[in-house]
Amino acid sequence: VLLLGLLGADLIGFQFFGYARHFLNSAFRLMGLSYLFELGGFLALETTNREHRVHILAGHMAIDFQQVQKLVPTLDCTCLRKKYPGRVILGSIDRLERLAGLDLKLKHFQLFLEMYQVDPSEVVLVQYAYEPSLGQWEEQLEGPSFKEIIMAQAAEINKKFGFCVDIVIGEISKETRLANLNAMDVLFDSSVCHGLNLTPFEFLSVHSEKAPGAVILSEFCGASKALTGAYRINPWDAERVLEALDQAIKQAVSMKENGPSEQFMTDYNYVATCSLSGFVSEFLRDLRQCGSTDKAFTGPTDRFDHSSIILNTQPTFRKLERSELLWAYKESRNRAIFLDIEGTLPPDADDLFVRSKNPHRSEATEQMRSSFGAKPSKQTMDTISSLCADPNNTVYVLSSRDRETVTEMLGGVRNLGLCAEHGFYTRHPDRSVLKKDTDDRPWICQAPEMDTSFIVLARVLMDQYVKRTQGTRIESSASTITWWYRDADPDFGRNQARELQRGLTEALFSYPVAVDSGKGYVEVRHVCVDKGAAVTDALDRIATTRNAPVDFVLCIGDDRSDEVMFEAVHAMSDANVGVKRVGSRPSMDGDDNSTARSLGDVSDTVGEASCVSVASQGDDDEPRTVGFTLPSTQKTRWKMRARMKFFTCTVGKKPSQANFYVDTTAQVGELLKALRTQSMHKRVVSVPDLAAFGGGSGGGSLRPLSNHPSSAFM
């Protein structure tokens, strides 16, 4: 609940990146949200169902340096020095609590006096402590209070070495606080857990080039991340603390004679550039900048839900409306539907339940329901089967899995086109199988002569990462090899994947391969094998088989490997007019010089592209396109006049080549069911229309109703 509340903000500020990292890790582990870096130094979290990113700012508050500088001349800074003349004054101002590490500080100071043979008359530790605002809660604990403990420690040191520890407990005014900090030569902080702690900033502000000072900061203090010139210590590391005390005292003595050190000037100049008003102004400016990106989005604001990943996009990228899709589906006659499996089709709920709840599953069940994902639900398979039965539809399901896995998942759906291993193996639809008892369609290898020796080399490196990364495994097929880390520790797996991808890229640089990464995997495949090529081949085959151009394309995916599908569909649609999509509306009078309008440019269009002859013709009177080569079998087909409606859709709103998005896999299932209902509706409505042909019961000639959208036989 706390995370969901924070994700409702446009900008979340943390004092230091270390604190922000804890938040990002929590968001990733609990909600599966990842982050990225944007131009200008912004850190953005890929949030849930929002139309913008949640930006993360790592910037600490500060003190008003100029105001402190004006107060310095009015302060009585001689009181403490008169009390301890000629001594090097070490000190600090802390809360009287255990987290301030005061007991450790006194212990280390005593060891310093013993081991470094320092003359106690030359140094003094002045410790100011004030009661925490929450009150004396420690007084209720058994045994001596923390105040009694440190007072006893100070008394023991003074008894042994003479008076060299001064503990002052009580409230301290701002003027007295700044005056005492000005009188100190070394600021000594040993907190074991502290946030920002502005005391070091005040210490540097009241000093100057003429009166510099040294700073010792605990690494558990937030200020140590910003003040790089300070001596950083671990309060539990006695040896390092003693070394820092020795070096800081020597530096303080040296600066009195030789002027400020480089360490002091580094931190002093940094503090001089900080101000409280500047911090607030910058935060508000960043907030306005983050909020301004949301104004570019004109789509609807959906219910806040962490079931889908949403990113900031351009106004042309919008949610796919069911009515819009159904209208285009109803008006088309040669349709192509391309679907990814995992992350796109609704999974089997029982399969997911067993995968997550049953600790005693068998080995076979484990292999099927492990990180490789669950099979589609029975309802989804029935819906796809109905779509395949429509004679106007050609449906393909594409996957990176091997043939055996794809066949096991969807092989029972008749007339369904299957593409395994990114299209390396394809099983094309064939309506004749609807009349057979068995489905004997063969798997066709698209590149039988392809060199796959890279798989052996990639496996050698992947095996090393499997040994060193628990919860990972390798899946190998005829054309690809994949390292899966979905079941590994999220952070460790992601870091290992990044290194593995870099190593594979270097090791296989001489091979014609692509090293891709996606949701929980790193994959090596041949550059000629991808889903985009499979979609292009399928569209060409559909148009050739039916001797008519495809006038409806629905392509849905969710992963990076699906982006090439979207690009292929866009390239085919662009090729229909021979120009790039420029966002202008096609001419309604059939002008051959009309250009295509990109999907989603305005809400009243469906992204139509007129299949017309290209205005610019070559000597052979064949279309010329930019950045896309038409297959030879297509060169005459693209001149046919038609209207093409194409929908490229990604699951989850994120940077994508797609023109539309849906929030969840459940919405994909709902869209497919709506298309199935439309197909069945068309076939049913055409039957009663027969009564209207030729006047109903009369024996006149049959004439179709010109104004009925469903009067044509399907």
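Being a predicted model, the structure only gives us computed values, none of them experimental.

Colleague: For this particular structure, what's the right way to read the confidence of the model for the protein chain?
Modeller: Should pLDDT be low for a region, the predicted coordinates there are not to be read in detail. For the protein chain, per-residue confidence averages 76 on the pLDDT scale, and residues scoring 70 or more make up 75% of the total. The least confident element of the protein chain, judged by mean pLDDT, is strand S22 (residues 608-610) at 34; the most confident is strand S8 (residues 186-188) at 95. Segment residues 577-642: pLDDT under 50, and 137 contacts once partners within four positions in sequence are set aside and those in other chains are kept. Counting contacts from residues 684-714, a segment whose pLDDT is below 50, to residues more than four positions away or on other chains yields 30 contacts.

Colleague: What's the story with the pairing of strand S17 (residues 473-476) in this structure? I'm lost.
Modeller: For a regular strand, the rule is simple: side chains alternate between the two faces of the sheet. In terms of strand pairing, S17 meets strand S18 (residues 480-484) through four bridges, oriented antiparallel. Bridged to Arg473 within S18 is Trp484.

Colleague: Got a minute to help me understand the packing of aromatic side chains in this structure?
Modeller: Any aromatic ring pair is given by two values, namely how distant the centres are and how the planes are angled relative to each other. Per the stated rule, a full pass over the model turns up 15 aromatic pairs. Here Phe264 and Tyr268 contribute two aromatic rings whose centre-to-centre distance is 5.5 Å and whose plane-to-plane angle is 20°, an arrangement assigned as stacked. With Phe264 and Tyr268 both in helix H10 (residues 262-272) and four residues apart, the pair spans about one turn of that helix. Considered together, Phe264 and Tyr268 belong to a single accessibility category, that of buried residues. Relative to Phe552, the ring of Tyr329 lies with its centre 5.6 Å away and its plane at 85°, an arrangement referred to as edge-to-face. Of this pair, Tyr329 sits in helix H12 (residues 322-331) while Phe552 sits in strand S21 (residues 552-557); the two residues are 223 residues apart in sequence, bridging distant segments of the chain. Of the two residues examined, Tyr329 and Phe552, each falls in the buried class. Among the aromatic side chains, those forming a connected cluster through ring pairs are Tyr329, Phe552, Phe647 and Phe660. The aromatic ring of Phe188 is capped on one face by Lys105, whose charged end is 5.4 Å from the ring centroid. Here Arg494 stacks its cationic end above the ring of Phe28, 4.0 Å away from the centre of that ring.

Colleague: Help me understand the nonpolar core in this model?
Modeller: Across soluble globular proteins, nonpolar side chains have a tendency to be buried as a group. If you look at the biggest cluster of nonpolar residues, it comprises 71 residues, and the most contacted ones within it are Leu113, Val165 and Ile216. Tallying contributions element by element places helix H9 (residues 238-258) first for this core, with eight residues. In contact with Ile216, other than residues within four places in its own chain, are Val186, Leu187, Phe188, Asp189, Tyr231, Ile233, Ala244, Leu245 and Ala248. Leu325, Tyr329, Met450 and Ala674 belong to the second-largest nonpolar core, a separate cluster that totals 39 residues.

Colleague: Would you take a moment to explain the sheet that holds strand S9 (residues 214-218) for this structure?
Modeller: Pairing between sheet strands relies on hydrogen bonds along the backbone, with the strands arranged either parallel or antiparallel. Across the sheet, six strands lie side by side as S7-S6-S5-S8-S9-S10; this open sheet has parallel pairing. The open sheet terminates on both sides in strands that have one partner only, identified here as strand S7 (165-169) and strand S10 (231-233). Direction aside, neighbouring strands of the sheet carry axes that sit 20° apart on average. Relative to S9, S8 runs parallel, the two sharing three bridges. Each bridged residue has a counterpart across the sheet, and for Leu187 the counterpart in S9 is Val215.

Colleague: In this structure, what is going on with the environment of Ile89? I would like to understand it.
Modeller: Following the sequence through the fold, Ile89 ends up in strand S5 (residues 88-95). In the structure, Ile89 is positioned 37 residues away from Val126 in sequence and 7.0 Å away in space, judged by C-alpha atoms. If sequence neighbours within four positions are ignored, Ile89 has contacts with Leu80, Arg81, Val124, Val126, Ala183, Met184, Asp185 and Val186.

Colleague: Could you clarify how one ought to interpret the sheet that holds strand S19 (residues 513-518) in this entry?
Modeller: The four strands lie next to each other as S17-S18-S20-S19, forming an open sheet whose pairing is antiparallel. Two strands bound the open sheet, and with one partner strand each, they are S17 and S19. The sheet shows a mean angle of 15° between the axes of neighbouring strands, direction not considered. Along the sheet face, helix H17 (residues 454-468) touches S17, S18, S19 and strand S20 (521-526) and points at about 10° away from the line of S18.

Colleague: Whenever I open this one, the pattern of salt bridges confuses me. Can you help?
Modeller: Should the charged atoms of two oppositely charged side chains come close, the side chains can pair. Taken as a whole and assessed by the stated rule, the structure comprises 21 salt bridges. As a salt-bridge pair, Arg95 and Glu97 come within 2.9 Å of each other at their nearest N and O atoms. Owing to a relative accessible area of 11%, Glu97 belongs among the buried residues under this scheme. Two residues, Arg401 and Glu342, come together in a salt bridge whose shortest N-O distance is 2.8 Å. Highlighted residues: Arg401 in the loop between strand S13 (393-398) and helix H16 (403-410) and Glu342 in the loop between strand S12 (335-340) and helix H13 (349-357), separated in sequence by 59 residues. Each member of the pair Arg401 and Glu342 is classed as buried.

Scoring rules and cut-offs
- Residues numbered from 1 in each chain as written.
- Predicted model: local features only at pLDDT ≥ 70, side-chain atom pairs only at ≥ 80, totals over all residues.
- Heavy atoms only, no water.
- pLDDT = per-residue confidence, 0-100.
- Helix = DSSP H or I, 4+ residues; strand = E, 2+ residues; numbered from the N terminus.
- Contact = heavy atoms within 4.5 Å.
- Pairing = 2+ DSSP bridges.
- Phe/Tyr/Trp six-rings, centres within 6.5 Å; stacked < 30°, edge-to-face > 60°.
- Buried < 20%, exposed > 50% of the residue type's maximum accessible area, 1.4 Å probe, protein only.
- Lys NZ or Arg CZ within 6 Å of the ring centre and 35° of its normal.
- Core = buried A, V, L, I, M, F, W, Y, C linked by side-chain atoms within 4.5 Å.
- Axes fitted to C-alpha atoms, helices over the stretch in contact; angles between N-to-C directions.
- Salt bridge = Lys/Arg side-chain N within 4 Å of Asp/Glu carboxyl O.

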